[in-house]
Amino acid sequence: PGVGGYYMLDEPFNPNTFFDAYRILKSAEPDKYMHLNFLPAGAYANMDTYKSQLNDWCKLCASTGYPLDYLMYDRYPYGPAAGSMDRVGFLSNMAAVHEVGLANGVKTGAYIQSVCIPSAYRRPTDSEIRYEIYMYLAYGYKQISYFTWFTPVDRSEPFADGIISATGVPNKHYAGVSKVNHEVLALGKVLIDCDALEIYLNGETWGQESIPEDFPVQPADKKNYTVSLLKSREDGRNYIMVVNNDFSRQQTVELSLDADITALWEVSKQDGSLSSVSFNGGKLKLDL
């Protein structure tokens, strides 16, 4: 009753060597979550090698009769300079894990950058953390963890300004993180049963696919945003999520809806309820 878990290794380059440990522990405790945090894609020779390793682990776990609970990794996009972001790496890694997870029927998860490591990572702003989280939701991710919640001490590298200080005091970002966490829980009532089937970027794409002409939601301009099509596994209902790719300012975007779309509802970020949305001439304006 006093056991909380067993720690083996963080970010194994090849987790396949831990397959027997996974099989034995799962057979002994089938309801317990075996957490594996993958390295980011940059640690591997190329993206195909990375996806092959992710795919191997998913299939090995499934072969035991205990499929993987979450396919999870970390990649921290905000560098030390204010406003900097490895957008290409962030998006390509997120897309790769999403692709493998969807193909294997495994839920996906990721760590959110939320702490400062001087000279390596800055402490992201509230808007930057919000952007990370909403992009993961748009890509269908189901588990969000923070690196880090408490501020680590006595480690081999220095940490500063976690969401909670080393002495247990919330920092100035706590309120913003709390707000977006409540929104995730509210939207999660819908999103938990949804798969993200198609994801596109409008405006600047940073190596990702732009909105194709046959997509049911078309852009009216070149503003920077992400749009994803999600489908519920429970009732087959379609959802569209739109995320502002500019985390430093708000913007209003206009979307042209396919003529087959005759009714629209918005999912509340406050409580997950649905409310009818009016749109004229197939045009929908959104304040992001």
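Placed above this text is the structure.
What this report covers is the structure whose coordinates are included nearby. Predicted, not measured: the structure shown is a model, and the values here were computed from it.

Cut-off values and rules
Residues numbered from 1 in each chain as written. Predicted model: local features only at pLDDT ≥ 70, side-chain atom pairs only at ≥ 80, totals over all residues. Heavy atoms only, no water. Helix = DSSP H or I, 4+ residues; strand = E, 2+ residues; numbered from the N terminus. Rg over C-alpha atoms; globule rule 2.2 N^0.38 Å. Buried < 20%, exposed > 50% of the residue type's maximum accessible area, 1.4 Å probe, protein only. Contact = heavy atoms within 4.5 Å. Areas by Shrake-Rupley, 256 points an atom, 1.4 Å probe, with all protein chains shown as cover. 1 Å grid on protein atoms, 1.4 Å probe; cavity = no way out; pocket = protein on both sides within 12 Å on 5 of 7 lines; lining within 4 Å. Points joined across faces, edges and corners; volume = space filled by probe spheres on them. Nonpolar A, V, L, I, M, F, W, Y, C, P; charged D, E, K, R; others polar. Phe/Tyr/Trp six-rings, centres within 6.5 Å; stacked < 30°, edge-to-face > 60°. Lys NZ or Arg CZ within 6 Å of the ring centre and 35° of its normal.

## Section: the overall build of the protein
Helix and strand counts for the protein come out as 5 helices and 12 strands. A compact globule built from 288 residues should have a C-alpha radius of gyration of about 19 Å, and the protein, at 20 Å, falls within 12% of that. Principal axes of the C-alpha set define a box for the protein whose edges measure 60 × 45 × 40 Å. Of all 288 residues assigned to the protein, the portion counted as buried reaches 45%. Partitioning the contacts of the protein with sequence separation of at least 6, the portion at a separation of at least 24 is 66%. Approximately 14,900 Å² of the protein is accessible, and the part contributed by carbon and sulfur atoms is 52%.

## Details of the layout of surface pockets
Taken as a whole, the largest pocket encloses approximately 1,400 Å³ of empty space. In terms of lining, the largest pocket is formed by 40 residues, of which the most central are Ile240, Met241, Val242, Glu266 and Leu286. Broken down by element, the residue count for the lining of the largest pocket peaks at 7 residues, all from strand E8 (residues 238–244). Its boundaries defined by the atoms lining it, the second largest pocket holds a volume of some 1,200 Å³. By residue number, the principal contributor to the lining of the second largest pocket is helix H1 (residues 19–28), which donates 3 residues. Classifying every residue of the lining of the second largest pocket gives 26 nonpolar, 8 polar and 8 charged.

## Structural notes on the environment of Val115
With respect to the helices, strands and loops of the structure, Val115 is situated in the loop between strand E3 (107–113) and helix H4 (126–138). Considering only alpha carbons, one finds Val115 and Asp214, 99 residues apart in sequence, at a separation of 41 Å. In this structure Val115 touches Tyr121, Arg122, Arg123, Pro124, Phe147, Thr148, Phe159, Ala160, Asp161 and Gly162, once residues within four positions along its chain are discounted.

## Brief notes about the packing of aromatic side chains
Scanning the model with the defined rule gives 17 aromatic pairs in all. Centroid distance Tyr73 to Tyr141: 6.4 Å. Interplanar angle 65°. Geometry classified as edge-to-face. Here Tyr73 is found in strand E2 (residues 70–73), whereas its partner Tyr141 is found in the loop between H4 and strand E4 (143–147), with 68 residues between them in sequence. Among the residues examined, Tyr141 registers a relative accessible area of 3% and is labelled buried. Relative to Phe247, the ring of Tyr78 has its centre 5.8 Å away and its plane inclined at 85°; by these criteria the two rings are edge-to-face. One end of the pair, Tyr78, is in the loop between E2 and helix H3 (87–104); the other, Phe247, is in the loop between E8 and strand E9 (252–257), with 169 residues separating them in the sequence. You'll find Tyr78 and Phe247 in the same group, each marked buried. Over the face of the ring belonging to Trp206 we find Arg87, whose NZ or CZ atom lies 4.2 Å from the ring centre.

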